[in-house]
Each structure stands twice: as C-alpha cells, then as structure tokens.
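Structural overview
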Amino acid sequence: MRVLKQEKYQSCIEACFDCAESCEACATNCLRDPNVKMLSKCIKLLRDCSDICAVSGRYMSRDSEYARNIGHVIGHYSTIGFFQSFLRLKI
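1. Topic: the environment of Glu-21
Tracing the backbone through its elements, the reader meets Glu-21 in helix H1 (residues 10–31). Overall, Glu-21 belongs to the exposed group, its relative accessible area being 56%. Considered as a pair, Glu-21 and Cys-53 are 32 residues apart in the sequence and their alpha carbons are 9.0 Å apart.

This is how it looks when you write it as structure tokens:
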C-alpha cells in the first residue's frame, strides 16, 4: 500500500484547520461584543490567523512545494503575533 506524502502531516493539517475554525469562532464572538470597536484590531488579527491557518492546511493537504515555507510563517504568526495581541488587549 502506498502512503500519500501528506498523510505524514495529517496531525499538522488537522491542527491548522482547527486553528482556522477557532479563530473564526472567536472573531464572531468578538463581533457580538458590546465593545466591538475596542476589539477591531483583535478581530482583524483573528481573521488573518484563520486565513493563514486554512491556507497552510490546504497547502499541506496537496503536498505543495510551498507548504514548508508557509508552515514557518504560520508558526511565527500564530504563536507570536496572535497570542501577544491577546495579551496586549487583555482579552
């Protein structure tokens, strides 16, 4: 039986799609907040994070030659930018 290359990345692919879904859900909840204006920067960041996670998952799913490069971007973006922004906003 031949193993598809992307199967070895399955846990990472799933984590990317979980991240995208979580970011979208959080952004939606922020949009319902009475202080939505105060959360605008956070909402933008959440939507960006969701997009980059979803794209990363798709790149890995199709074994794109760019999967490794975007993986570095998502690691940096989601762990540093995303969480630092939350800490700054004290959400």
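2. Notes on the nonpolar core
With eleven residues, the main nonpolar core is built from Ala-20, Cys-23, Ala-27, Cys-30, Leu-39, Cys-42, Ile-43, Leu-46, Cys-49, Cys-53 and Ala-54. The element contributing the most residues to this core is helix H2 (residues 40–61), with six residues. Apart from the residues lying within four places of it in its own chain, the contact partners of Ile-43 are Ala-27, Cys-30, Leu-31 and Val-36.

3. Comments concerning H2
With 22 residues, H2 should reach 32 Å at 1.5 Å per residue; the first-to-last C-alpha distance of 32 Å fits that figure. Here H2 has its buried residues at Cys-42, Ile-43, Leu-45, Leu-46, Cys-49, Ser-50, Cys-53, Ala-54, Ser-56, Gly-57 and Met-60. Looking straight down H2, one finds that the buried residues subtend no more than 165° of arc, so they occupy a single side. Away from its buried face by more than 90 degrees, H2 exposes Lys-41 and Lys-44. Within two residues after H2, Asp-63 carries a phi angle of roughly 55°, on the positive side.

4. Considering H1
Since there are 3.6 residues in each turn of an α-helix, residues three or four apart along the chain are aligned in direction. End to end, H1 covers 32 Å across 22 residues, agreeing with the expected 32 Å (1.5 Å per residue, within 8%). Turning to H1, its buried residues number three or more, namely Ile-13, Cys-16, Ala-20, Cys-23, Ala-27 and Cys-30. What you see down the axis of H1 is that its buried residues fit within an arc of 120°, all on one side. Seen from the open side of H1, the exposed residues pointing more than 90 degrees away from its buried face are Ser-11 and Glu-21.

Conventions used here
- Per-chain numbering applies: the sequence of each chain, read as written, is numbered from 1 onward.
- In keeping with the model being predicted, local features are shown solely for residues with a pLDDT of at least 70 and side-chain atom pairs are shown and tallied solely at 80 or more, while totals for entire chains, interfaces and linings include all residues.
- Where side-chain values are given, they derive from all heavy atoms of the structure, hydrogens and water being excluded.
- Strands are runs of DSSP state E lasting at least 2 residues, helices are runs of H or I lasting at least 4, and numbering of each runs from the N terminus.
- Relative accessibility decides the category of a residue: with a 1.4 Å probe and only protein chains considered, values under 20% of the type maximum give buried, values over 50% give exposed, and everything between is partly exposed.
- Here, nonpolar core means buried Ala, Val, Leu, Ile, Met, Phe, Trp, Tyr and Cys residues that are tied together by side-chain atoms lying within 4.5 Å of each other.
- Contact criterion: two residues are considered in contact whenever any of their non-hydrogen atoms come within 4.5 Å of each other.
- Multiplying one less than the number of residues by 1.5 Å gives the expected span of a helix.
- Summarising the geometry, the arc corresponds to the directions from the helix axis toward the C-beta atoms.

Shape descriptors only; they carry no functional weight alone.
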